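Breakdown of the fold
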Amino acid sequence: MVLAGNNEDWGNPRSRIWFVPAEKRAYGRMFVGFDNGFPQGGLNDQGLFFDGFATPRLEVAPTPDREMYFGNVASKALAECATVEEVVRLFDRYTRPDSAVFLFADRHGDAVAIEPAAAVRKKGWFFVQTNFYQSRTPPGTETCQRFKIATRMLEDSRGAISIDLFRRILAATHQEGNSPTQYSNIYDLTARVMYLYHFHNFENVVRIDLKEELRKGPHKLEIPSLFPRTHAAEAYARGYERERKK
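All values derive from a computational prediction rather than experimental measurement.

Quick notes on the environment of Tyr 197
Structurally, Tyr 197 is set in strand β10 (residues 193-198). With ten residues separating them in the primary sequence, Tyr 197 and Arg 207 have C-alpha atoms 9.3 Å apart. Non-local contacts of Tyr 197, meaning those with residues more than four positions away in its chain, are made with Ile 163, Arg 167, Tyr 183, Ser 184, Ile 186, Phe 202, Asn 204, Val 205 and Phe 227.

Here's what the structure looks like:
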């Protein structure tokens, strides 16, 4: 079993999933994000997962040997790559954003964090990433509490991973306040299945089978509509809409 988990923390409650069936030279894939259509994460039919992390802007040396890519290179990676090795080669061809980290993992258990000027590879049996540059942070000096909590829970599990373990890790690291956790997901990369949770409510789960969804052709799903109504989610959404109208 190879699992990947993610909490998506943002102010916008209009979250969604969309599906892109395989085409010539492009794998079938699904993306998660918001109503602006910008992929925040996703999974393809080869068992390759990604998620993005906002990070402080980093001054990096020019890379004139790399091409400019004027689209979303993480989306391109899901369309064209099946493994982390292929992702690393793809990112080596293009200039990278100076304020983001992309985490990729594949069904074989390999993982990498692509930074503006480095690629941090998985060395142990698990890999954790939060919103900082691991290449510039010596091991043991991390200050992010979410990183520390997830790392400790994985270490304490002694390799006995499960959907429930990842659910508990996501619950322990979720965020509230102005940029709360809008949705959380656990990907089973070998089965190509996603377990989805809405607005840090870890009692209700929706199982998304990528193969079954791709058979339906291109389509999208509004994440809030998939779940039972809750006071917390609806109160937050009402407040968000009021602020938008000001």
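From this point, things continue past the structure.
Points about unusual backbone geometry
Positive phi outside glycine occurs at Arg 25, with the angle close to 65°. Note on placement: Arg 25 falls in the loop between β2 (15-20) and β3 (29-34). You can call Arg 25 exposed: its relative accessible area is 76%. Even without being a glycine, His 200 presents a positive backbone phi close to 40°. Considering the arrangement of structural elements, one finds His 200 in the loop between β10 and β11 (201-209). Residue His 200 is classed as buried on the basis of its relative accessible area, which comes to 18%.

Notes on the sheet that holds strand β9 (residues 181-188)
Strands pair in a sheet through their backbones, by hydrogen bonds, and they do so in one of two ways: parallel or antiparallel. Read across the sheet, four strands follow the order β1-β9-β10-β11 without closing on themselves; strand pairing throughout is antiparallel. Edge positions in the sheet fall to β1 (3-9) and β11, since each of these pairs with one other strand and no more. Within the sheet, the average angular offset between the axes of one strand and its neighbour, ignoring direction, is 20°. Note: β10 against β11, five bridges, orientation antiparallel. Among the inter-strand pairings, Val 193 is bridged to a residue of β11, identified as Asp 209.

Quick word on the nonpolar core
Within the largest apolar cluster, 30 residues are counted, with the highest numbers of intra-cluster contacts made by Ile 17, Met 30, Phe 49, Tyr 187 and Met 194. If we ignore the near neighbours within four places in the chain, the residues touching Ile 17 are Met 30, Phe 31, Val 32, Met 194, Leu 196, Ile 208, His 219, Lys 220, Leu 221, Ile 223 and Leu 226. In this structure, Val 73, Val 88, Leu 90 and Phe 104 belong to the second largest nonpolar core, which totals 21 residues.

Describing the pairing of strand β6 (residues 100-105)
In terms of burial, β6 is largely enclosed, as six of its six residues are buried. Here β6 shows no split at all, with Ala 100, Phe 102 and Phe 104 on one side and Val 101, Leu 103 and Ala 105 on the other all buried. Pairing of strand β5 (residues 49-54) with β6, which is carried by six bridges, proceeds in the antiparallel orientation. If you follow Phe 50 over to β6, its bridge partner there is Phe 104.

Rules behind the numbers
Residues numbered from 1 in each chain as written. Predicted model: local features only at pLDDT ≥ 70, side-chain atom pairs only at ≥ 80, totals over all residues. Heavy atoms only, no water. Helix = DSSP H or I, 4+ residues; strand = E, 2+ residues; numbered from the N terminus. Contact = heavy atoms within 4.5 Å. Buried < 20%, exposed > 50% of the residue type's maximum accessible area, 1.4 Å probe, protein only. Pairing = 2+ DSSP bridges. Axes fitted to C-alpha atoms, helices over the stretch in contact; angles between N-to-C directions. Core = buried A, V, L, I, M, F, W, Y, C linked by side-chain atoms within 4.5 Å.

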